Amino acid sequence: MKQQASPELKAWIIAQAQAGCRPEDVLKAMMDRGWQEDVAVAAMEESLAEHLKQQQAALAAQGLAPGQLPVGDKPLPGPLLEGSPSRIWAHDKHVDVLLTLQLPRVVVFGNFLSEQECEEMKRLAEVRLARSETVVNETGGSEVNEARTSDGMFFERGEHEVCARIEKRIEALLRWPVSHGEGLQVLRYRPGAEYKPHYDYFDPAQPGAKTILARGGQRVGTLVMYLNSPEKGGSTTFPDVGLEVAPVRGNAVFFSYDRPDPATRTLHGGAPVLEGEKWVATKWLREGVFV
Ligand SMILES: O=C(O)CCC(=O)C(=O)O
Ligand SMILES: [Fe+2]
């Protein structure tokens, strides 16, 4: 006589999966309780497929793509991509959507910054880059970080009108409050300079993590904006998935990570600049209010 999987059994299967049990253990438990193997397998497949469908419907109702919230219901920054728009209105202008990837969660934007905004950001940052270089020279120039051979500086949030405007645009595009963002960082790479593959989240096991995390929690998203187009080299690479984003003035690459874990596949770097300079502005988004 063929057994019939009950709604209770299906609910129990979903609860096991949510608790992180391995499918083979769940199957064994069912068979230990007297369920026929083929009925148990079919019940598992059905329940999990149904559960996945319900979860995706719930995400879509919030305007989120599946993959934006891989586990639990932790909110993450990200654009509204329902209906696969090719451009999105963000505060004061249209921004193009050029590419989206689910895992790692990556979105490439076109026309995020105007030519004037790129020039202004470079001009405002340059004086402070030059100053930090002098300091390095005075100490004998031994402060070279092998992994990161660019020069960098941070603006305060809203430090200049152009910073505030860009921050409002990021808030609208990525649906994440200005208050939850760090100040804009500008990096300049000279020929040969690079940023070796790394994660942007903070390793909770590092000694300084407690202090860093006290200022707004983990980083959950990154927006790298290109302020110029280097002649050759300098793409942003995601080695886990073989993705390379070309640095094009005014474009930007966004990625998010729901936990400080390599499973997010957000390992990324700035490939060596082969010819010309590369300038980027980076915005890091925190879980909470960054102070
Ligand atoms: O320069 C790039 O393409 C990447 C920059 C980056 O990874 C960062 O600023 O954290
Ligand atoms: Fe980074």
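Residues numbered from 1 in each chain as written. Chains lettered and ligands numbered in written order. Predicted model: local features only at pLDDT ≥ 70, side-chain atom pairs only at ≥ 80, totals over all residues.

- Within an unreviewed UniProt entry, the label attached to the protein chain reads 2OG-Fe(II) oxygenase, and the organism entered is Ideonella paludis.
- Under Cofactor (unreviewed entry), UniProt gives the following word-for-word description of the protein chain: "L-ascorbate". (UniProt positions renumbered as here; feature names shortened; annotations may be inferred.)

**Some details on the site of ligand 1**
Then, number 1: Taken together, Leu 187, Tyr 195, Asp 200, Val 224, Thr 236, His 268, Gly 270, Val 280 and Thr 282 make up the full set of residues adjacent to ligand 1.
Then, number 2: Counting residues per element, the ones that place at least two in the shell around ligand 1 are β12 (268-270) and β14 (278-286).
Then, number 3: Tallied by class, residues from the shell around ligand 1 come to four nonpolar, four polar and one charged. (Near = placed C-beta within 6 Å. Helix = DSSP H or I, 4+ residues; strand = E, 2+ residues; numbered from the N terminus. Nonpolar A, V, L, I, M, F, W, Y, C, P; charged D, E, K, R; others polar.)

**Points about the environment of Glu 119**
Then, number 1: Along the polypeptide, Glu 119 turns up in helix α4 (residues 115-138).
Then, number 2: C-alpha of Glu 119 to C-alpha of Leu 227: the two residues are 108 residues apart in sequence and 7.2 Å apart in space.

**What about the nonpolar core?**
Then, number 1: By size, the foremost hydrophobic cluster in this structure holds 42 residues, and its most contacted members are Met 225, Leu 227, Ala 252, Val 253, Phe 254 and Val 280.
Then, number 2: Broken down by secondary-structure element, the contributors of at least two residues to this core are β3 (105-110), α4, α5 (161-174), β5 (185-189), β7 (219-226), β11 (252-256) and β14.
Then, number 3: Per-element accounting of this core gives the leading share, six residues, to α5.
Then, number 4: Setting aside its immediate chain neighbours within four residues, Leu 227 contacts Cys 118, Met 121, Lys 122, Arg 249, Trp 279, Val 280 and Ala 281.
Then, number 5: The next biggest cluster of nonpolar side chains, apart from the first, holds six residues, and it includes Ile 13, Ala 40, Ala 43 and Met 44. (Core = buried A, V, L, I, M, F, W, Y, C linked by C-beta atoms within 7 Å. Buried ≥ 20, exposed ≤ 12 C-beta atoms within 10 Å, placed from the backbone. Contact = placed C-beta atoms within 7 Å.)

**With respect to the sheet that holds strand β10 (residues 243-245)**
Hydrogen bonds between backbone atoms are what pair the strands of a sheet, whose relative direction is either parallel or antiparallel.
Then, number 1: One open sheet holds the four strands; their spatial order is β6-β12-β9-β10, and the pairing between them is antiparallel. Either end of the sheet is taken by a strand with one partner, and the two such strands are β6 (195-198) and β10. Taking the axes of each pair of neighbouring strands and ignoring which way they run, one obtains an average angle of 15° across the sheet.
Then, number 2: Pairing of strand β9 (residues 236-238) with β12, which is carried by two bridges, proceeds in the antiparallel orientation. (Pairing = 2+ DSSP bridges. Axes fitted to C-alpha atoms, helices over the stretch in contact; angles between N-to-C directions.)

**A look at α5**
Then, number 1: For α5, spanning 14 residues, the distance from its first C-alpha to its last is 20 Å, which sits close to the expected 20 Å at 1.5 Å a residue.
Then, number 2: Inspection of α5 places Val 162, Cys 163, Ile 166, Glu 167, Arg 169, Ile 170, Leu 173 and Leu 174 among the buried residues, and these make up the whole buried set. Buried residues along α5 cover an arc of 160° about the axis, so they all sit on one side.
Then, number 3: A positive phi of about 50° marks Arg 175, the residue just after α5. (Expected span 1.5 Å × (residues − 1). Arc of directions from axis to C-beta.)

**Quick word on the sheet that holds β5**
Then, number 1: Here we have eight strands laid out as an open sheet, ordered β1-β2-β3-β11-β7-β14-β5-β4, and antiparallel in their pairing. Two strands lie at the open edges of the sheet, namely β1 (87-90) and β4 (151-154), each paired on one side alone. Each neighbouring strand pair of the sheet contributes to a mean axis angle of 25°, computed without reference to strand direction.
Then, number 2: By the bridge criterion, five bridges tie β7 to β11 in an arrangement that is antiparallel. Each bridged residue has a counterpart across the sheet, and for Val 224 the counterpart in β11 is Val 253.
Then, number 3: Contacts from α5 reach β1, β2 (93-101), β7, β11 and β14 within the one sheet, and its direction differs from that of β1 by about 130°.

**Some words on the confidence of the model for the protein chain**
Then, number 1: Residues of the protein chain with pLDDT of at least 70 account for 87%, and the chain-wide mean is 88.
Then, number 2: This model gives residues 66-70 a pLDDT under 50, and the stretch forms 14 contacts once residues within four places in sequence are excluded.
Then, number 3: With pTM at 0.75, the complex prediction returns an ipTM value of 0.99. (pLDDT = per-residue confidence, 0-100.)

**Examining unusual backbone geometry**
Then, number 1: Here Leu 103 and Pro 104 are connected by a cis peptide whose omega angle stands at 0°.
Then, number 2: With respect to the helices and strands, Pro 104 occurs in the loop between β2 and β3.
Then, number 3: Unusually for a residue other than glycine, Asn 111 sits at a positive phi of about 60°.
Then, number 4: Checked against the element boundaries, Asn 111 lands in the loop between β3 and α4.

**Remarks on the pairing of β2**
Then, number 1: Bridging between β1 and β2 involves four bridges; their strand directions are antiparallel. When the bridges of β2 are listed, Ile 88 appears paired with Val 95.
Then, number 2: Between β1 and β2, which pair antiparallel one after the other, the connecting turn spans two residues, and His 91 there sits at a positive phi close to 65°.
Then, number 3: Looking at chain direction, β2 and β3 are connected through five bridges and run antiparallel. Pairing of Leu 101 across the sheet is with Val 106, part of β3.
Then, number 4: In sequence, β2 turns back onto β3 through a hairpin of three residues.

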